Amino acid sequence: AGTYALALRPGPVDGAPVLVAEADAARDALRALYLGALFGGTAAPAPLFDVATDAVVVEPARAAAYGRLTGLRADAFPPTMAFSMAWTPLFRVLACDELAGGLLRLVHLDQSVERLEAWPPVPGETLRAEARVTRVEDAASGRTIRAEAMLFRGEAACARLRSGFF
């Protein structure tokens, strides 16, 4: 539970005062709600353009279930599962001060997964997942965010993910 700054401001009906949360307080409350709902409140936001790093376990049952869901063999590791393995660091970078106010309006635009030299992940192993925002572009049509994530087995790169959001 945090402390939020509240203020009385002229409201839309006859200028009657309304109680509003200051912009930073509203952003912080939204970020806390979003990260709490996704990760149980354990994920801390990373500054814009910094790298967020987390350890992720390749759970055998989860990999097999994801493979069955996507129509792959149960023993195959689906490339698109790499996105869900980078989920925590990816959303930690999207929850930075400059972007957190738009989290509830965030829409996934596109993604690509590139398999690298250490592909595929091995069920049961722990990988290092890193993510960072690479570009924020504001235009008349709205804001576009580009992010990149990497999965590593030790120092060997396993996968590179590129995602866009608007």
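As shown above, the structure is provided for reference.
Figured I'd write up the structure that's included with this text. (Residues numbered from 1 in each chain as written. Predicted model: local features only at pLDDT ≥ 70, side-chain atom pairs only at ≥ 80, totals over all residues. Heavy atoms only, no water.)

## A closer look at the sheet that holds strand β7 (residues 156-165)
Next, step 1: If you trace the five strands from one edge of the open sheet to the other, you get β3-β5-β6-β7-β4, paired in antiparallel fashion. With one partner strand each, in any of the chains shown, β3 (52-57) and β4 (108-115) form the two edges of the open sheet. Sheet twist, expressed as the mean angle between neighbouring strand axes with direction ignored, is 20°.
Next, step 2: Alignment of strand β6 (residues 142-153) against β7, held across nine bridges, turns out to be antiparallel. What sits directly across from Met150, in β7, is Arg160.
Next, step 3: Sheet contacts for helix α4 (residues 87-94): β3, β5 (126-139), β6 and β7; angle to β5, the most-contacted strand, approximately 30°. (Pairing = 2+ DSSP bridges. Helix = DSSP H or I, 4+ residues; strand = E, 2+ residues; numbered from the N terminus. Axes fitted to C-alpha atoms, helices over the stretch in contact; angles between N-to-C directions. Contact = heavy atoms within 4.5 Å.)

## Things to note about a nonpolar patch on the surface
Next, step 1: A cluster of nonpolar side chains, Val107, Leu109 and Phe166, forms an exposed patch at the surface whose accessible area comes to about 260 Å².
Next, step 2: Relative to the helices and strands, Val107 is located in the loop between α4 and β4. (Patch = residues over 30% accessible without salt bridge, like charges linked within 9 Å, V, L, I, M, F, W, Y side chains within 5 Å. Areas by Shrake-Rupley, 256 points an atom, 1.4 Å probe, with all protein chains shown as cover. Salt bridge = Lys/Arg side-chain N within 4 Å of Asp/Glu carboxyl O.)

## Structural notes on the environment of Asp138
Next, step 1: The residue Asp138 is located in strand β5 in this model.
Next, step 2: Judged by relative accessible area, which is 55%, Asp138 ranks as exposed.
Next, step 3: For the pair Asp138 and Phe166, spaced 28 residues apart in sequence, the C-alpha separation works out to 9.8 Å.
Next, step 4: Polar side-chain contacts of Asp138 include one of 2.7 Å to the side chain of Arg143. (Buried < 20%, exposed > 50% of the residue type's maximum accessible area, 1.4 Å probe, protein only. Polar contact = N/O pair within 3.5 Å; in protein donor to acceptor, adjacent residues only side chain to side chain.)

## Here we look at the packing of aromatic side chains
For any pair of aromatic rings, geometry is given as the distance between the ring centres together with the angle between the planes.
Next, step 1: If you walk through the whole model with that rule in mind, you get two aromatic pairs.
Next, step 2: For the pair Phe83 and Trp87, a centre-to-centre distance of 5.8 Å together with 80° between the ring planes defines the contact as edge-to-face.
Next, step 3: Looking at Phe83, the relative accessible area reads 12%, which means it is buried.
Next, step 4: Overall, Trp87 belongs to the partly exposed group, its relative accessible area being 30%.
Next, step 5: With 4.4 Å between their ring centres and 45° between their planes, Trp87 and Phe91 make a pair best called tilted. Taken together, the residues Trp87 and Phe91, both in helix α4 and four residues apart, mark about one turn of the helix.
Next, step 6: What links up through ring pairs into an aromatic cluster is the set Phe83, Trp87 and Phe91. (Phe/Tyr/Trp six-rings, centres within 6.5 Å; stacked < 30°, edge-to-face > 60°.)

## Some remarks on the environment of Ser112
Next, step 1: Relative to the assigned elements, Ser112 resides in strand β4.
Next, step 2: Along the chain, Ser112 and Arg160 lie 48 residues apart, while their C-alpha atoms are 8.1 Å from each other.
Next, step 3: Each residue touching Ser112, except ones within four places of it in the same chain, is listed here: Arg160, Leu161 and Arg162.

## So, the nonpolar core
Next, step 1: Counting residues in each nonpolar core, the largest one holds 38 residues, and the members touching the most others are Phe77, Met85, Leu90, Val93, Leu94 and Leu151.
Next, step 2: Sorting the residues of this core by element identifies α1 (23-39), β3, α3 (81-85), α4, β5, β6 and β7 as the ones contributing at least two each. (Core = buried A, V, L, I, M, F, W, Y, C linked by side-chain atoms within 4.5 Å.)

## Quick word on unusual backbone geometry
Next, step 1: Put simply, Trp119 and Pro120 share a cis peptide bond, and its omega is 0°.
Next, step 2: For Pro120, the location among the structural elements is in the loop between β4 and β5.

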